[in-house]
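Each chain, letter by letter, is given below.
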Amino acid sequence: MAFDSLFTGISALNSYQSWIDSISNNIANVDTTGFKGQRMTFADLIYQQLGFASGATQTRGGINPQQLGLGVKVNTVDTVFAQGGLQTTGINTDVALNGDGFFILRNTDGSGIPAYTRDGAFTLNSQGLLIDPATGLSVQGFQANAAGVVTQSGLPGNITIPLGLTEQATGTGFGAKIGPNSNDKVFDMQLGGNLDQTQWSQAFLNSVGASGTAGTPFTVSTTIIDSLGVSHQAKLTYTPDATGAVAATQVTTNAALVTGNLLNGVVLNQGTKFNGTITTTVDNPADGFATVTDGSTTIKNVVPGQQINLDGVQFTVGTFVAADAGKTANIVVTPAQSGLPAQVDDANGVAHAPATRWKVSVSFDDGTTFQNLKTAGTISAANVVTAPTFGSSSSGDLGYAYFDQNGQFINTSSVVTSASANGITANAPGLLHATGQQPGTQAADELDILSWGPGAGNGATAPTGAGAPATGPIGLDFSNNASLASGYTASVINQNGFGAGTLSNITIGQDGTITGAFTNGQDRTLAQLAVATFQNEGGLSRVGGNSFQQTAASGLAQVGVAAQGRFGSIVSGALEQSNVSLSQEFTNLISAQRAFEANTRGIETADQNLQTIIHINATEN
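Residues numbered from 1 in each chain as written. Predicted model: local features only at pLDDT ≥ 70, side-chain atom pairs only at ≥ 80, totals over all residues. Heavy atoms only, no water.

Visitor: I keep staring at unusual backbone geometry and nothing clicks. Help me out?
Guide: Comment: phi is negative for the bulk of residues other than glycine, and the bulk of peptide bonds are trans. Notably, asparagine 301 is not glycine yet its phi reads approximately 60 degrees, a positive angle. Relative to the helices and strands, asparagine 301 resides in strand E21 (residues 298-302). The class of asparagine 301 is partly exposed, set by a relative accessible area of 48%. (Helix = DSSP H or I, 4+ residues; strand = E, 2+ residues; numbered from the N terminus. Buried < 20%, exposed > 50% of the residue type's maximum accessible area, 1.4 Å probe, protein only.)

Visitor: Looking at this model, I keep getting lost on helix H2 (residues 197-207). Mind explaining?
Guide: Given 3.6 residues to a turn, an α-helix orients residues that are three or four positions apart in the same direction. Here H2 has its buried residues at Gln199, Trp200, Ala203 and Phe204. Each buried residue of H2 lies within a common arc of 145 degrees when the element is viewed along its axis, so the set occupies one face. On the buried face of H2, the contacting elements are strand E16 (231-240) and strand E27 (354-364). (Arc of directions from axis to C-beta. Contact = heavy atoms within 4.5 Å.)

Visitor: In this structure, what is going on with the pairing of strand E11 (residues 138-143)? I would like to understand it.
Guide: Within a regular strand, the side chains alternate between the two sheet faces. Within E11, 5 of the 6 residues are buried, which leaves the element mostly enclosed by the surrounding structure. Strand direction decides the pairing type here: strand E7 (residues 102-106) and E11, joined by 2 bridges, are antiparallel. Among the inter-strand pairings, leucine 105 is bridged to a residue of E11, identified as valine 139. As paired strands, E11 and strand E12 (residues 157-158) are joined by 2 bridges and run antiparallel to one another. (Pairing = 2+ DSSP bridges.)

Visitor: Help me out: how do you make sense of the sheet that holds strand E22 (residues 307-310) in this one?
Guide: Within the open sheet, the 3 strands sit side by side as E18-E23-E22. Their pairing is antiparallel. Because the sheet does not close on itself, it has two edges, and the strands there are strand E18 (263-268) and E22. On average, each strand axis in the sheet is tilted by 15 degrees relative to the strand beside it, whichever way the strands run. Inspection of the sheet shows E22 paired to strand E23 (residues 313-317) by 4 bridges, in the antiparallel sense. Bridge pairing links leucine 310 to valine 313 in E23. (Axes fitted to C-alpha atoms, helices over the stretch in contact; angles between N-to-C directions.)

Visitor: What should I look at first to understand the sheet that holds strand E29 (residues 377-379) in this one?
Guide: Taken in spatial order, the 3 strands of this open sheet run E30-E29-E34, and their pairing is mixed. Each edge of the open sheet carries a strand with a single partner, namely strand E30 (385-386) and strand E34 (415-418). Judged from the 2 bridges that link them, E29 and E30 form a sheet pairing that is antiparallel. Looking at E30, one finds that isoleucine 379 is bridged to valine 385.

Visitor: Before we go on, may I ask you to explain the pattern of salt bridges in this structure?
Guide: Two side chains carrying opposite charge are able to pair once their charged atoms lie near each other. Overall, the coordinates contain 10 salt bridges when judged by the stated rule. The partner of glutamate 167 in a salt bridge is arginine 524, with the nearest N and O atoms 2.8 Å apart. Note that glutamate 167 is positioned in strand E13 (residues 166-167) and arginine 524 in strand E40 (residues 523-529), a separation of 357 residues in sequence. No difference in accessibility class separates glutamate 167 from arginine 524, as the two residues are buried. (Salt bridge = Lys/Arg side-chain N within 4 Å of Asp/Glu carboxyl O.)

Visitor: Looking at this structure, how should I read the packing of aromatic side chains?
Guide: Geometrically, a pair of aromatic rings is defined through the distance of the ring centres and the angle of the planes. Under the defined criterion, the tally for this structure stands at 16 aromatic pairs. Residues phenylalanine 102 and phenylalanine 548 carry aromatic rings whose centres are separated by 5.7 Å and whose planes lie at 65 degrees to one another, so their mutual orientation is edge-to-face. In this pair, phenylalanine 102 is assigned in strand E7 and phenylalanine 548 in strand E43 (residues 547-549), connecting sequence segments 446 residues apart. Residue phenylalanine 548 is classed as buried on the basis of its relative accessible area, which comes to 4%. With a centroid separation of 5.7 Å and 70 degrees between ring planes, the pair formed by phenylalanine 403 and phenylalanine 409 is classed as edge-to-face. Taking relative accessible area as the criterion, phenylalanine 403 reaches 0% and is therefore assigned buried. Chaining the aromatic ring pairs together yields one cluster made of Phe81, Phe102, Tyr116, Phe534 and Phe548. Over the ring of phenylalanine 204 we find lysine 273; its NZ or CZ atom is 4.8 Å from the centre of that ring. (Phe/Tyr/Trp six-rings, centres within 6.5 Å; stacked < 30°, edge-to-face > 60°. Lys NZ or Arg CZ within 6 Å of the ring centre and 35° of its normal.)

Visitor: Hey, could you run me through the environment of threonine 32 in this one?
Guide: Among the secondary structure elements, threonine 32 is positioned in the loop between helix H1 (2-28) and strand E1 (38-44). Here threonine 32 falls in the buried class, since its relative accessible area comes to 17%. Setting aside residues no more than four positions away along its own chain, threonine 32 makes contact with Asn546, Gln577 and Ser578. Within the local environment of threonine 32, its side chain forms a polar contact with the side chain of asparagine 29, the two groups lying 2.8 Å apart. (Polar contact = N/O pair within 3.5 Å; in protein donor to acceptor, adjacent residues only side chain to side chain.)

Visitor: Can you help me understand the pairing of E16 in this one?
Guide: Direction of pairing for strand E15 (residues 218-225) relative to E16: antiparallel, over a ladder of 8 bridges. Residue valine 220 lies in a different strand from E16, and its bridge partner there is leucine 236. In sequence, E15 turns back onto E16 through a hairpin of 5 residues, with glycine 229 there showing a positive phi of about 85 degrees. Here 7 bridges tie E16 to E27, and the two strands are oriented antiparallel to one another. Within the sheet, the bridge partner assigned to leucine 236 lies in E27 and is valine 362.

Visitor: How should I be thinking about the side chain of glutamate 585 in this particular structure?
Guide: Following the sequence through the fold, glutamate 585 ends up in helix H3 (residues 582-620). Buried within the structure, glutamate 585 lacks any salt-bridge partner; its nearest side chain of opposite charge belongs to arginine 542, at an N-O separation of 10 Å. Ignoring anything within four residues of it in the chain, the contact list for glutamate 585 reads Ile23, Asn26, Ile27 and Val580. (Lys, Arg positive; Asp, Glu negative; His and termini not counted.)

Visitor: What exactly am I supposed to notice about the nonpolar core here?
Guide: Among soluble globular proteins, nonpolar side chains are generally buried collectively. Formed by 64 residues in total, the largest nonpolar core has its most connected members in Tyr238, Phe315 and Leu447. At 5 residues, the largest contribution of residues to this core is made by strand E32 (residues 395-404). Sequence-distant contacts of tyrosine 238, that is, excluding residues within four places in its chain, are made with Leu191, Leu195, Pro217, Phe218, Val220, Trp358, Lys359, Val360, Phe478, Asn481 and Ala490. Leu97, Phe103, Leu529 and Val531 belong to the second-largest nonpolar core, a separate cluster that totals 24 residues. (Core = buried A, V, L, I, M, F, W, Y, C linked by side-chain atoms within 4.5 Å.)

Visitor: Quick question: what am I supposed to make of the environment of histidine 232 here?
Guide: If you trace the backbone, histidine 232 turns up in strand E16. Histidine 232 sits 270 residues away from threonine 502 along the chain, and the two C-alpha atoms are 21 Å apart. Contacts of histidine 232, omitting those with residues within four sequence positions, involve Thr222, Thr223, Ile224, Asp226, Phe364, Asp366, Thr368, Trp452, Gly453, Pro454 and Gly455. Within polar-contact distance, the side chain of histidine 232 engages the side chain of aspartate 226 at 2.8 Å. Polar side-chain contacts of histidine 232 include one of 2.6 Å to the side chain of aspartate 366.

Visitor: I'm lost on the side chain of aspartate 188 in this one. Help?
Guide: Looking at where aspartate 188 falls in the secondary structure, it is placed in the loop between E13 and strand E14 (189-194). At 2.7 Å, the side chain of aspartate 188 forms a polar contact with the backbone nitrogen of glycine 475. Aspartate 188 has contacts with Thr172, Gly173, Lys177, Ile178, Pro473, Ile474, Gly475, Asn494, Gln495 and Asn496, leaving out every residue within four places of it along the chain.

Visitor: Would you mind showing me how to read the environment of threonine 172 here?
Guide: Relative to the helices and strands, threonine 172 is located in the loop between E13 and E14. Threonine 172 gets classed as buried once you look at its relative accessible area, which sits at 2%. For the pair threonine 172 and threonine 525, spaced 353 residues apart in sequence, the C-alpha separation works out to 21 Å. Beyond its immediate stretch of four places on either side in the chain, threonine 172 contacts Asp188, Met189, Ile224, Ile225, Ile474, Gln495, Asn496 and Gly497. Polar side-chain contacts of threonine 172 include one of 2.7 Å to the side chain of glutamine 495.

Here it is, written out as structure tokens:
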């Protein structure tokens, strides 16, 4: 009947109008932050049974059913949760999720039903609460404790970043320990950079009389913080040290020539490391030459009066005649001694031959005192240790740092010389640093503060008694120092003390960790954003305001933090754009319009049929 066609066409008009409504909504929200577009699917409605099916018989092949469709309906309206593009905003509190998940919003008192959103345009309100400014709902997360540790247990709550938040001062020596590796994080200050090996060579040569320059020390200025947050300027000086060095010696066994001596004007470089004999022999006088050799280097065809420089020894060959043939002169050289121990153990107990030694000293201009090294320790040939002695001073030595022939740091010690063939090794426990061992005065890796001076910017005397800043040891890590033949670059690269500071900025990491930057240069974890996912996110209910709510179809929210498991990562200073594709929506709009127009033609035809029927009835009357 024509009435069926009318109702079929109307069902189509309603369905395609709904599609146009959905497309229009997508287009309207093409610039909505975090918006997720919708798609619509259709299904046929119901069927009028004109004929029923029958099975095959011996005489008939069976009859198919005859069904007449009576329209179309909207089947599903699905949310497309595809990732939207990210737009940089430069606002620290703007966050976008790259991957699965939703931010959680709730009333500030914890009441009501949570809302879930991909719109991360958040801000801090006047109370320091992180909120969604469009709804006033509080962003949910996990607050860090006073030590900056976030515990992700329990339900997430409001995130508060108090305005004017302060960071308490921590004295050097009282902060988190640092060190060269995880097994040796026992220090409070790290020193690094190069100590010029050529300056130590000058000190060595000077100590044996071979050079007029004693080597130039190098001073590093650094700030040390006491427990009250007061700054104290300290000067740490590295001085090239060649204590105990012995000059080279030589014994000449000369040969008397017919006209004089074979060797004249023998001069020894007192710093030479050559250990052996230099021999000069008169060859066949008919040739008029002599030969000089040290066993590895041979100089031939030496003529009378020629000056020779070999292995730090200088001399002139005398005048010889035929009668001097075969005469020999020897110079026996005992090399210079550096004064360094034969060996020094590193922190792992492995022995190395030292090549340079640097005396480390400290001074405070404000009168801060520390335990200084008065007399260095020694070790005799029989391994008898003479213990170092200590005093109290605002300027003095700490000990010695040793480096190997490759310029790499070995260890520190309060021992300066060792006649023992073992050097400073296992025979001197407590005089060297060992991995995991607390720094010690005798190991020369500890600055033990005894009293504090007034400090920088404070003209008064340092407080005493109960109001005085705490004193104690400061562990010094020299493992990042080197001693290479290049200029000085030594510096203090890290220390665990800092003064009081005020929160000046916040940043948000990929895992949602909110880190506060303070005016004292310190960073501290303040909170962490919570993220929720759902087993069936398509089952979420849209409630406007860029928000969703969970339903029985979506399942319960699974709460965690970003960048873990199936949770996406967070991009700070950016917002997620709408995932609507305008080109696709315009294409769909054309299809929906044409479908709507086509179905109006069906209604128009049905109407003409009804008019025809009405005219037939009128003619009969």
